[in-house]
Amino acid sequence: MLYSEVAAAYEEMDNTSKRLELTKILADLIKKTPNKLVDKVIYLTQGKIYPDFMGIEIGLADRSVMRAIASTSGHSLKEIEKKYHLFGDLGSVAEDLLQNKGQITLFSEQLTIEKVYDVLDSIAKSSGPGSLALRLRLLNRLLANSSPKEAKYILRTATGKLRLGIADYTVLDALALAFTDDKKNRPKIERAYNLSGDLGLVANNLAMNGLKEIEKFHIKLGHPVRPMLAERLDSGKAILEKMGGTAALEYKLDGERVQISCNSNKFWIFSRRLENITSQYPDLIELSKSNLKGKEYVVEGEVVAIDINTGAYLPFQELMHRRRKHGIAKAVNDYPVSINFFDILFLDGKDLTELPYQNRRNILKDIVKSNARVNIVPSKIATTVEEVEEFMASAITDGCEGLVVKDQKSVYRAGAREFAWIKLKREYNGELTDSLDLIVVGAFHGKGRRTGKYGAFLLASYDSLNNDLRTVCKVGTGFSDENLIKFFNLLVSIKVPNKPNHVISNIDADVWFNPQVVIEVMGSEITLSSIHTAAMDTVRKGNGLALRFPKFTGRIRSDKGVSDSTTNTELLKMYQRQRKLIAKHSDNIL
Ligand code: ATP
């Protein structure tokens, strides 16, 4: 199949942000694609060549790409830089320059999908001395055979800036449409994705073996399972009612969620957002090797920094020292951790996700040998509000965030946020009980002490229905001087010239970003707003939802991607819960 057909579909996708249209264009592209290439087309359309958890990125630097454009188009680097400032992306620069050169008549070999994929793959995998020259040679050859439009999309892919707005669930919709013609089959496809975290693998299975095989899909060791997530409620009473009178309470530890996958002596560790973080935690591998029974398993737990002398849990900030690429051995020594398991999903050939919570927990107990560094998260079965309150109090005393309450009968619902797990967090005086994880989409220049840095940030939440980002608040408090410098350096590299199309905002920020940084904020309440666009028109026509008196908590949620941030639907639920609480409170007063 020719890459020109893919580029033509990308051009169509580029011209719309409507989810239904994107789905239809992608489904049509999938239908045209030979079965054995469907996985490659899916990866490429999401701007990658492998699933994220494999950690293989093309990541060509702008400078290298500029040099490749210069040698193909005959223009100087200076001219290219000038155009780059004008267009804001090197793909468009190449398209423009090659168009002027009449590149369409020059190519000697038509580009196929395989060719483009293989070259990008070689570029991604080249390393060591001489790799820069090799990458350039490979890219030059690709560009010399590209039409202007193909060059645009190849370069956007190579620089990690394809951004067609194809989210994971749009791919799932498109796969269901392309292969089954029946929307009802989508959950079966989604289940396979939830168990493997790999859309290409699911697409390939579907294309080669059909829906029947997808129904038999199981966890694959070395592939991350998408995490089961918790809903939130504000009181033990409400939670017990929701769970039918009895529930399993667990400490909500304040660390980093990890999933450990083991196949004999091979280990993989995945983060909450399914990144492969194995190299970061060599100590967890050793602890698992010596304290878990079983040849093959997938277990989940929370890693927490600990005081090595007392074993006490330390605050989350301590653990952040472990997020690094270099100096791991020293960090392992300086910042010791404990691993606290709370679930098991696979054991010695058996997928356990369909077993009820209580059975999984019993199996977990059987295979974990507890000690000072390896534990099972403290738990208790509760039937009364007093028991919940008591356990909550001891969780807080032990340095936890609160509780995760679990339905004893519930299976492990990979990738779902439902009421089978409910989190109950500590109350903050007069404030919302829970924090929000919001995406930094824009910033405002600082004044006074903040001159030369960003003084405030425009934050958005994720609208999964419309596949866009909608503003919730502007935040300027809670930042230390050190935070502000860190933020400036972090954000300046993801600056974009204009507001991205999928950011829906009535506010004009001084600077816009490619949305990817998620931060945690607290606030006093969720209010209706005529300015902010989150959940627009849902509660009242012409009004969105906003966070009042937002304050940065000091935590950058690097374990969360854009689609893991607080969604518009969650925001709406928080607003409704808050209304109910206010109503109840005024009943009590009356
Ligand atoms: P948060 O921002 O509250 O950590 P989240 O979006 O990461 O939330 P949720 O499913 O809403 O995830 O809350 C559960 C999170 O709490 C898990 O992702 C995990 O990191 C953490 N956690 C701590 N203790 C437990 C536990 N006993 N069971 C499950 N999750 C736990």
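Residues numbered from 1 in each chain as written. Predicted model: local features only at pLDDT ≥ 70, side-chain atom pairs only at ≥ 80, totals over all residues. Heavy atoms only, no water.

Side chains that carry opposite charge are capable of pairing whenever their charged atoms lie near each other. Within this structure, the stated rule accounts for 44 salt bridges. Close ionic contact of Glu-525 with Arg-548 constitutes a salt bridge, the shortest N to O distance being 2.8 Å. In this pair, Glu-525 sits in strand 19 (residues 525–529) while Arg-548 sits in strand 20 (residues 544–548), placing the two residues 23 residues apart along the sequence. For Glu-525, a relative accessible area of 22% corresponds to the partly exposed category. Taken together, the salt bridges that share partners define one network made up of Asp-437, Glu-520, Arg-557, Asp-559 and Lys-560. (Salt bridge = Lys/Arg side-chain N within 4 Å of Asp/Glu carboxyl O. Helix = DSSP H or I, 4+ residues; strand = E, 2+ residues; numbered from the N terminus. Buried < 20%, exposed > 50% of the residue type's maximum accessible area, 1.4 Å probe, protein only.)

A few words now on the site of the ligand. Near the ligand you find 20 residues, and of these Ala-230, Arg-272, Arg-417, Lys-423 and Lys-560 are the closest. In the model, an oxygen atom of the ligand is placed 2.8 Å from a nitrogen or oxygen of the Arg-557 side chain. Between the ligand and Lys-560 there is a distance of 2.7 Å, counted from an oxygen atom to a side-chain nitrogen or oxygen. Out of a free accessible area of 580 Å², the ligand has 97% covered by protein chains. The cavity that encloses the ligand is the largest cavity. Secondary-structure elements contributing two or more residues to the shell around the ligand are strand 1 (229–232), strand 2 (247–252), strand 10 (402–406) and strand 11 (417–425). For the shell around the ligand, the leading source of residues is strand 11, giving 4 residues. Within the shell around the ligand, the residues separate by chemical class into 8 nonpolar, no polar and 12 charged. (Near = heavy atom within 4 Å. Polar contact = N/O pair within 3.5 Å; in protein donor to acceptor, adjacent residues only side chain to side chain. Areas by Shrake-Rupley, 256 points an atom, 1.4 Å probe, with all protein chains shown as cover. 1 Å grid on protein atoms, 1.4 Å probe; cavity = no way out; pocket = protein on both sides within 12 Å on 5 of 7 lines; lining within 4 Å. Sits in = over half its atoms within 2 Å of the grid points. Nonpolar A, V, L, I, M, F, W, Y, C, P; charged D, E, K, R; others polar.)

What follows is about the environment of Trp-421. Structurally, Trp-421 can be placed in strand 11. Note: C-alpha distance between Trp-421 and Cys-473 (52 residues apart in sequence) is 28 Å. With residues up to four places along the chain from it excluded, the contact list for Trp-421 reads Met-228, Leu-229, Ala-230, Glu-231, Met-243, Arg-257, Phe-342, Asp-343, Val-404, Val-405, Lys-406 and Tyr-412. (Contact = heavy atoms within 4.5 Å.)

Let's shift gears to the nonpolar core. Ranked by size, the top nonpolar core spans 108 residues in total, and within it Tyr-3, Tyr-10, Ile-69 and Leu-403 carry the most contacts. With 7 residues, the single largest contributor to this core is helix 7 (residues 113–125). Inspection of this core shows a minimum of three residues originating in each of domain 1 (47–158) and domain 2 (229–425). With sequence-adjacent residues up to four places away left out, Tyr-3 is seen in contact with Tyr-10, Leu-111, Thr-112, Ile-113, Val-116, Glu-150, Tyr-153, Ile-154 and Thr-157. By size, the runner-up hydrophobic cluster in this structure holds 31 residues, among which are Val-440, Phe-479, Val-511 and Val-517. (Core = buried A, V, L, I, M, F, W, Y, C linked by side-chain atoms within 4.5 Å. Domains from an automatic or database assignment.)

What follows deals with the domain arrangement of the chain. Here the domain parsing of the chain yields domain 1 (47–158), domain 2 (229–425) and domain 3 (436–585). Taking the mean C-alpha position of each, domain 1 and domain 2 sit 44 Å from one another.

What the 5 strands build is an open sheet, ordered 1-11-10-2-9; its pairing is mixed. Looking at which strands have only one partner, the edges of the open sheet turn out to be strand 1 and strand 9 (379–382). Each neighbouring strand pair of the sheet contributes to a mean axis angle of 40°, computed without reference to strand direction. Sheet topology places strand 10 next to strand 11; 5 bridges connect them, and they run antiparallel. What sits directly across from Lys-406, in strand 11, is Trp-421. (Pairing = 2+ DSSP bridges. Axes fitted to C-alpha atoms, helices over the stretch in contact; angles between N-to-C directions.)

With respect to the secondary-structure elements, Phe-487 resides in helix 20 (residues 481–492). In sequence terms Phe-487 and Ala-133 are 354 residues apart; their C-alpha atoms lie 34 Å from each other. Discounting chain neighbours no more than four positions away, the residues touching Phe-487 are Phe-457, Phe-479, Ile-519, Phe-552 and Ile-556.

This part takes up the packing of aromatic side chains. By the definition in use, this model includes 16 aromatic pairs. Each ring, one from Tyr-454 and one from Phe-488, has its centre 4.7 Å from the other, and the planes form 45°; the classification is tilted. Here Tyr-454, found in strand 13 (residues 454–463), pairs with Phe-488, found in helix 20; they are 34 residues apart in sequence, far enough to count as distant. Consider the rings of Phe-457 and Phe-479, whose centres lie 5.1 Å apart with planes at 45°: the pair is tilted. Taken as a pair, Phe-457 in strand 13 and Phe-479 in the loop between strand 14 (468–475) and helix 20 lie far apart in primary sequence, 22 residues in all. What makes Phe-457 buried here is its relative accessible area of 0%. Since its relative accessible area comes to 8%, Phe-479 is described here as buried. Feature note: the residues Tyr-454, Phe-457, Phe-479, Phe-487, Phe-488, Phe-513 and Phe-552 constitute an aromatic cluster, connected by ring pairs. Stacked on the ring of Phe-419, the Lys or Arg Lys-242 has its end atom at 4.2 Å from the ring centre. Above the ring of Phe-316, the side-chain terminus of Arg-555 is found at 3.6 Å from the ring centroid. (Phe/Tyr/Trp six-rings, centres within 6.5 Å; stacked < 30°, edge-to-face > 60°. Lys NZ or Arg CZ within 6 Å of the ring centre and 35° of its normal.)

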